[in-house]
Amino acid sequence: MSEKELLRVEHLKKYYPLKKGFMSKAGGSVKAVDDISFSVNEGETFAVVGESGCGKSTMGKCVIRLVEPTEGKVILDGEDFTALKGADLKKAREKMKLIFQDPYASLNPRMTVKDIIAEPLDIAGVIKDKKQRDEHILNTMEQVGLNKEYLSRYPHEFSGGQRQRIGIARAIVLKPKLIICDEPVSALDVSIQAKIINLLKDLQKQMKMAYIFISHDLSVVKHIADRVAVMYLGHIMELADTKEIYDHPSHPYTQALFSAIPKIGEGRISDKIVLSGDVPSPADPPQGCCFHTRCPKACERCTKEVPQLKEIAPNHFSACHLYDKGE
Ligand code: SF4
């Protein structure tokens, strides 16, 4: 992993306006992502974890502008990705790709494997020579462990793991610098998950790509990530190197999540087992610290004041009043 910054996300927000109705006030909004900032270095795996509905997938889609952010900036390779339009946006998108959770839903059932992998190449128009283009497609299939004989087959003819390999081939065919992996193995059998994770690690070594790895499986994240950000109700609650955060989780929310790993076995986050109380609605988040309604350490200040993400140890950040030194 290099020390060179590849991606910087600054104060990213995604608010969905609510219509006035029985459950909502006029002018209200669902704050799916609420003021998030982080950076990712070249070749790094930056994991984002949290319970369902915490905003991690929306964050990933906003970074790649599959969903337009409400506010904030995404700087990719020194360029303001959020400000790009038309041909410039298309060109910059060659550097950043997305792998989806459900490999079947993300593949066009009417396209052959060859056409699926060729599509990004043809849109970018980077290889004009047909022979070179076909060779590149075959090489990409080999890289992801797909038999070249599958070239003319359709997605329904493959298992879930093979479909995800097709999705990965499509993502890497333009040699991107960053891939956003949105729960890339959670729809797969446990026996296949390790193979896909190892494939992602091998490809990263070969191609020096960075990953934003969105997951609710803490065992997988421990295995693959360099750094981990923990999200809750659209906010980052804690961010640190993987070993540091697993060995010394500081935030009460992270502590609750991580303490459940051995009980759950597979490391999946289950709100019922891990934490008492329901996750509040992002349409009506609690005042002050958004975790205070479930936090065993909450005090009066927590109900009024939003804690800021602060460095509590080298490269270890936590958003909790317990770590406000001298305040
Ligand atoms: Fe708990 Fe208060 Fe820290 Fe929030 S700020 S996590 S409520 S102790």
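About the cut-offs
- Residues numbered from 1 in each chain as written.
- Predicted model: local features only at pLDDT ≥ 70, side-chain atom pairs only at ≥ 80, totals over all residues.
- Heavy atoms only, no water.
- Pairing = 2+ DSSP bridges.
- Helix = DSSP H or I, 4+ residues; strand = E, 2+ residues; numbered from the N terminus.
- Axes fitted to C-alpha atoms, helices over the stretch in contact; angles between N-to-C directions.
- Phe/Tyr/Trp six-rings, centres within 6.5 Å; stacked < 30°, edge-to-face > 60°.
- Buried < 20%, exposed > 50% of the residue type's maximum accessible area, 1.4 Å probe, protein only.
- Lys NZ or Arg CZ within 6 Å of the ring centre and 35° of its normal.
- Near = heavy atom within 4 Å.
- Nonpolar A, V, L, I, M, F, W, Y, C, P; charged D, E, K, R; others polar.
- Core = buried A, V, L, I, M, F, W, Y, C linked by side-chain atoms within 4.5 Å.

Asks: Would you take a moment to explain the sheet that holds strand E10 (residues 235-241) for this structure?
Replies: The pairing of strands in a sheet happens through backbone hydrogen bonds and is either parallel or antiparallel. Taking strand neighbours across the sheet as the criterion, the eight strands line up as E6-E7-E8-E3-E9-E10-E12-E11 in an open arrangement whose pairing is mixed. Each edge of the open sheet carries a strand with a single partner, namely strand E6 (96-99) and strand E11 (310-313). Neighbouring strand axes in the sheet, compared pairwise and without regard to direction, differ in orientation by 25° on average. Pairing of strand E9 (residues 227-232) with E10 involves six bridges; the strand directions are antiparallel.

Asks: Could you clarify how one ought to interpret the packing of aromatic side chains in this entry?
Replies: Geometrically, a pair of aromatic rings is defined through the distance of the ring centres and the angle of the planes. This structure, assessed with the given rule, holds six aromatic pairs. Considering the side-chain rings of Tyr246 and Phe258, the 4.6 Å spacing of their centres and the 35° angle between planes classify their relative orientation as tilted. With Tyr246 in helix H8 (residues 242-247) and Phe258 in helix H9 (residues 252-259), the pair connects residues that are 12 residues apart, well separated along the chain. Centre to centre, the rings of Tyr253 and Phe291 are 5.1 Å apart; their planes meet at 65°, and the pair counts as edge-to-face. Taken together, the residues Tyr253 in helix H9 and Phe291 in the loop between helix H11 (271-274) and E11 connect sequence positions 38 residues apart. Here Phe291 falls in the buried class, since its relative accessible area comes to 0%. Put simply, the rings of Tyr232, Tyr253 and Phe291 touch in pairs and so form one group of aromatic residues. Taking the ring centre of Tyr16 as reference, the NZ or CZ of Lys14 above it sits at 5.1 Å.

Asks: Any chance you could explain the environment of His248 here in plain terms?
Replies: Within the secondary structure layout, His248 lies in the loop between H8 and H9. C-alpha of His248 to C-alpha of His316: the two residues are 68 residues apart in sequence and 9.7 Å apart in space.

Asks: What is the right way to read the site of the ligand from this model?
Replies: Looking at the ligand, there are 13 residues lining it, with Cys289, Cys295, Cys302, Cys320 and His321 nearest. Residue classes in the shell around the ligand are distributed as nine nonpolar, three polar and one charged.

Asks: I would appreciate a short explanation of the nonpolar core in the present structure.
Replies: Across soluble globular proteins, you tend to see nonpolar side chains buried next to one another. Formed by 58 residues in total, the largest nonpolar core has its most connected members in Ile168, Leu203, Phe213 and Val228. Residues Ile36, Phe46, Val63 and Leu84 belong to the second largest nonpolar core, which totals 33 residues.

Asks: Looking at this structure, how should I read the pairing of E10?
Replies: Successive side chains on a regular strand alternate, one facing one side of the sheet and the next facing the other. Of all seven residues that make up E10, five are buried, and the element is covered over most of its length. The turn linking E9 back onto E10 is made up of two residues, and Leu233 within it adopts a positive phi angle of 45°. In this sheet, strand E12 (residues 316-318) lies alongside E10 in antiparallel orientation, the contact comprising two bridges. The residue of E12 that forms the bridge with Leu239 is Phe317.

What is shown is where atoms sit, not what they do.
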